[in-house]
Amino acid sequence: MTSGIAFIGFGEAAQTFAGATGWTGPACAYDIKTLSAEQRDAKLADYERFGVSGCETSGDAVAEARSVLSLVTADQSLKAAECAARHLQTGGWFFDMNSVAPARKVAAAEAIEAAGARYADVAIMAPVMPASLKVPLLVSGPHAVGAADQLRVFGFKNVRTVGDKIGEASAIKMIRSVMTKGIEALTAECVLAASKAGVVEEVTSSLGGDWTARADYNLERMLVHGSRRAAEMEEVCATLEDLGVEPVMTRGTVFRQAELGTIGAGSVPDSFEEKLRLIASTRKADAA
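The model shown is predicted, which means the values in this text are computed figures rather than measured ones. (Residues numbered from 1 in each chain as written. Predicted model: local features only at pLDDT ≥ 70, side-chain atom pairs only at ≥ 80, totals over all residues. Heavy atoms only, no water.)

## Some words on helix α8 (residues 168-197)
Logical step 1: Between its first and last C-alpha, α8 extends 44 Å over 30 residues, near the 44 Å set by a 1.5 Å rise per residue.
Logical step 2: Bending of α8 peaks at approximately 35° at the position of serine 177.
Logical step 3: Of the residues trailing α8, glycine 198 is marked for its positive phi of about 75°. (Helix = DSSP H or I, 4+ residues; strand = E, 2+ residues; numbered from the N terminus. Expected span 1.5 Å × (residues − 1). Bend = angle between axes of the 7 residues up to and from the residue.)

Right, here's the structure in full:
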């Protein structure tokens, strides 16, 4: 029995989509975490909680579906496409929704298209929570129009095509991340220094608007997602280098995102002040 849609990678984004009102299932899923004895049970529970059929291999998931949504970590994106290419139905869809450099998407597209399936470069342009199926999606490639139509059938509400070349959507995403993820890293650096100097309130109020709330949100995102975002920013560095732009500032963003992602690997405190204390105490312990 075909599931219609297969998720390759079943983390926050896939779970958000599968559990959203308006999602048009049924779906199956494969996540590499099921290979880990420590993580397998939790991931199997995720499948059940969101009403998807779990598969033991990515090949099993792809063979069950007409359309594949790839939502894996940056380092696994090309491997996911190459594996899917061996099992995709002729004329099937592969939606590469990963945050990777255009060159990596071009390589993935070559594997998918060589197998007789259709590849779409899809960029997710905002956090999936709380937007869910309303999250902005950019689509590019020779099948972009048809891919956008198919994504709307799945339930996505905010889909736009941006060109007929693989890599155009991802280039927009990567270059935009220089600013969006870079601002997060600058925020962390600023408020950590302000906290050390005992002048957080003065600094944040001088920036205008509610920068305390904004700084709290940025720290939250980095503590929770910093490791994944650091991997994305490595892809941004590759994008900039391919364009002949030295990623001087972006390398600093990689470092700061990775640092806070490691600190937040356990539980993340609720309040802004507690987050600052957690970061400061962890950095002090690491330096000792």
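Now that the structure has been shown, the text picks up again.
## Section: the pairing of strand β6 (residues 118-124)
Logical step 1: Taken across its seven residues, β6 has six buried, putting it largely inside the fold.
Logical step 2: In the sheet, strand β5 (residues 93-96) pairs with β6 via four bridges, with the strands oriented parallel. When the sheet's bridge partners are listed, aspartate 96 is paired in β6 with aspartate 121.
Logical step 3: Viewed along the sheet, the connection from β5 through helix α5 (residues 102-114) into β6 turns out right-handed. (Buried < 20%, exposed > 50% of the residue type's maximum accessible area, 1.4 Å probe, protein only. Pairing = 2+ DSSP bridges. Right-handed = clockwise from strand over helix to strand, strands pointing away.)

## Overview of unusual backbone geometry
Peptide bonds are trans in most cases, and residues, glycine excluded, mostly fall at negative phi.
Logical step 1: That bond from methionine 129 to proline 130 is cis: its omega, 10°, falls within 30 degrees of zero.
Logical step 2: Within the element layout of this structure, proline 130 appears in helix α6 (residues 128-131).

## What to know about the packing of α8 against helix α11 (residues 248-263)
Logical step 1: It is at 9 Å that the axes of α8 and α11 come closest, and there the two elements cross at 60°. As far as their axial angle goes, α11 and α8 are oblique. Regarding α8 and α11, the two cross each other, and that crossing is left-handed. Across the interface between the two elements, Val178, Lys181, Gly182, Glu184, Ala185, Ala188 and Glu189 from α8 touch Thr250, Thr253, Arg256, Gln257 and Leu260 from α11. (Axes fitted to C-alpha atoms, helices over the stretch in contact; angles between N-to-C directions. Parallel < 35°, antiparallel > 145°, perpendicular 65-115°, else oblique. Left-handed = near helix turned anticlockwise from the far one by under 90°. Contact = heavy atoms within 4.5 Å.)

## Re a nonpolar patch on the surface
Logical step 1: Together, Ile175, Leu243 and Val245 make up an exposed nonpolar region whose accessible area comes to about 270 Å².
Logical step 2: With respect to the element layout, isoleucine 175 can be found in helix α8. (Patch = residues over 30% accessible without salt bridge, like charges linked within 9 Å, V, L, I, M, F, W, Y side chains within 5 Å. Areas by Shrake-Rupley, 256 points an atom, 1.4 Å probe, with all protein chains shown as cover. Salt bridge = Lys/Arg side-chain N within 4 Å of Asp/Glu carboxyl O.)

## Notes on the pairing of strand β4 (residues 65-70)
Logical step 1: In terms of residue burial, β4 counts as a mostly covered element, since five of its six residues are buried.
Logical step 2: Examined bridge by bridge, strand β1 (residues 4-8) and β4 share five bridges and lie parallel to one another. In the sheet register, isoleucine 5 faces β4, and the bridge partner there is serine 67.
Logical step 3: With four bridges joining them, β4 and β5 adopt parallel strand pairing. Bridge pairing in β5 places serine 70 opposite aspartate 96.

## Regarding the sheet that holds β1
To summarise the sheet geometry, strands pair through backbone hydrogen bonds and adopt either a parallel or an antiparallel arrangement.
Logical step 1: One open sheet accounts for eight strands, arranged β3-β2-β1-β4-β5-β6-β7-β8; its pairing is mixed. The sheet is open, and its two borders are formed by β3 (53-54) and β8 (159-163), each paired with just one other strand.
Logical step 2: Across the sheet, α8 is in contact with β6, β7 (137-140) and β8; its angle to β6 comes to roughly 20°.

## Some thoughts on the packing of aromatic side chains
Logical step 1: Counted under the stated rule, the structure contains ten aromatic pairs.
Logical step 2: Taken together, a centroid distance of 5.4 Å and an interplanar angle of 25° make the contact between phenylalanine 7 and tryptophan 23 stacked. Taken together, the residues span a long stretch of sequence, with phenylalanine 7 in strand β1 and tryptophan 23 in the loop between α1 (12-18) and β2 (27-30) at a distance of 16 residues.
Logical step 3: The exposure class assigned to phenylalanine 7 is buried, which follows from its relative accessible area of 0%. (Phe/Tyr/Trp six-rings, centres within 6.5 Å; stacked < 30°, edge-to-face > 60°.)

None of the figures reported here should be taken as evidence of function without further support.
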